[in-house]
Structure formats: structure tokens, C-alpha cells
Amino acid sequence: MARFEMLEAGFGAMGATAQADILFELGMMYATGRDCETDVVAAHKWFNIAAIKGSARAAELRSELSATMSKADIARALREAREWMTMH
């Protein structure tokens, strides 16, 4: 995750599509456990942010993932996404 967060400073200069693509990839990374432990809360968070940035595919995967999550985990993911959006 750190390698992606280093790019955050440049998000403002990127187009919305590029931002959504990077955020979608973060969601995929956590959903599949690619280069990290599988974390459905983190995956939902990044899919949610990517969807806000315009990724229709992220919105679909967020919805599918939600069906497998507890209400507490969904609430945590939404809270983390909101905090990230507030800071960035």
C-alpha cells in the first residue's frame, strides 16, 4: 500500500480516470491478496473511492463484496473511505 500512497501528492494533477484506475487496482490488490494479505474492508474502501471517482467496475465489485461482509465491516470500510476522502 505504501507505494501507492507515495503517489497521493500527484493525484490532483492526474485525470479522474487515472485516479479511478489506480484506486480500483488498490481494491483488486486487497480483494485478491496480490502482494498483501486479503482484506475485504480495505478492498471495499478502495472500490468505494474508485467508484466515487467514476469507476463503474469498482462500483460493481464493491456491491458484490458487500454481500459477503458483515454490517460492522461495511460500516468500517465506509468510515475509512470517508476519512481518506476528507484528507485527500
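Residues numbered from 1 in each chain as written. Predicted model: local features only at pLDDT ≥ 70, side-chain atom pairs only at ≥ 80, totals over all residues. Heavy atoms only, no water.

Per an unreviewed UniProt entry, the protein chain carries the name Sel1 repeat family protein and comes from Mesorhizobium dulcispinae.

Trainee: What exactly am I supposed to notice about the overall build of the protein chain here?
Mentor: Regarding its fold elements, the protein chain presents 5 helices and 0 strands. Element order for the protein chain, N to C, with α for helix and β for strand: α-α-α-α-α. By the burial criterion, 35% of the 88 residues in the protein chain qualify as buried. Long-range contacts, defined as pairs at least 24 residues apart, comprise 52% of the intrachain contacts of the protein chain with a sequence gap of at least 6. Of the accessible surface of the protein chain, which amounts to about 5,100 Å², a share of 56% is contributed by carbon and sulfur atoms. (Helix = DSSP H or I, 4+ residues; strand = E, 2+ residues; numbered from the N terminus. Buried < 20%, exposed > 50% of the residue type's maximum accessible area, 1.4 Å probe, protein only. Contact = heavy atoms within 4.5 Å. Areas by Shrake-Rupley, 256 points an atom, 1.4 Å probe, with all protein chains shown as cover.)

Trainee: Would you take a moment to explain the packing of helix α3 (residues 40–52) against helix α4 (residues 56–66) for this structure?
Mentor: How two helices pack is summed up by the angle between their axes together with the distance between the axes. Where α3 meets α4, the axes come as close as 8 Å, and the angle between the chain directions of the two elements is 150 degrees. Considering the angle they form, α3 stands roughly antiparallel to α4. Read as a crossing pair, α3 and α4 show a hand that is left-handed. Residue-level contacts link Val40, Ala43, His44, Phe47, Asn48, Ala50 and Ala51 of α3 to Ala58, Ala59, Leu61, Arg62, Leu65 and Ser66 of α4. Residue composition of the contact of α3 with α4, grouped by class: 9 nonpolar, 3 polar and 1 charged. (Axes fitted to C-alpha atoms, helices over the stretch in contact; angles between N-to-C directions. Parallel < 35°, antiparallel > 145°, perpendicular 65-115°, else oblique. Left-handed = near helix turned anticlockwise from the far one by under 90°. Nonpolar A, V, L, I, M, F, W, Y, C, P; charged D, E, K, R; others polar.)

Trainee: So what exactly am I meant to see when it comes to the packing of aromatic side chains here?
Mentor: Two numbers describe a pair of aromatic rings. These are the distance of the centres and the angle of the planes. Taken as a whole and judged by the stated rule, the model has 2 aromatic pairs. When the centroid spacing of 5.7 Å and the interplanar angle of 40 degrees are considered together, the rings of Phe24 and Phe47 count as tilted. Of this pair, Phe24 sits in helix α2 (residues 16–32) while Phe47 sits in helix α3, and the two are 23 residues apart along the sequence. (Phe/Tyr/Trp six-rings, centres within 6.5 Å; stacked < 30°, edge-to-face > 60°.)

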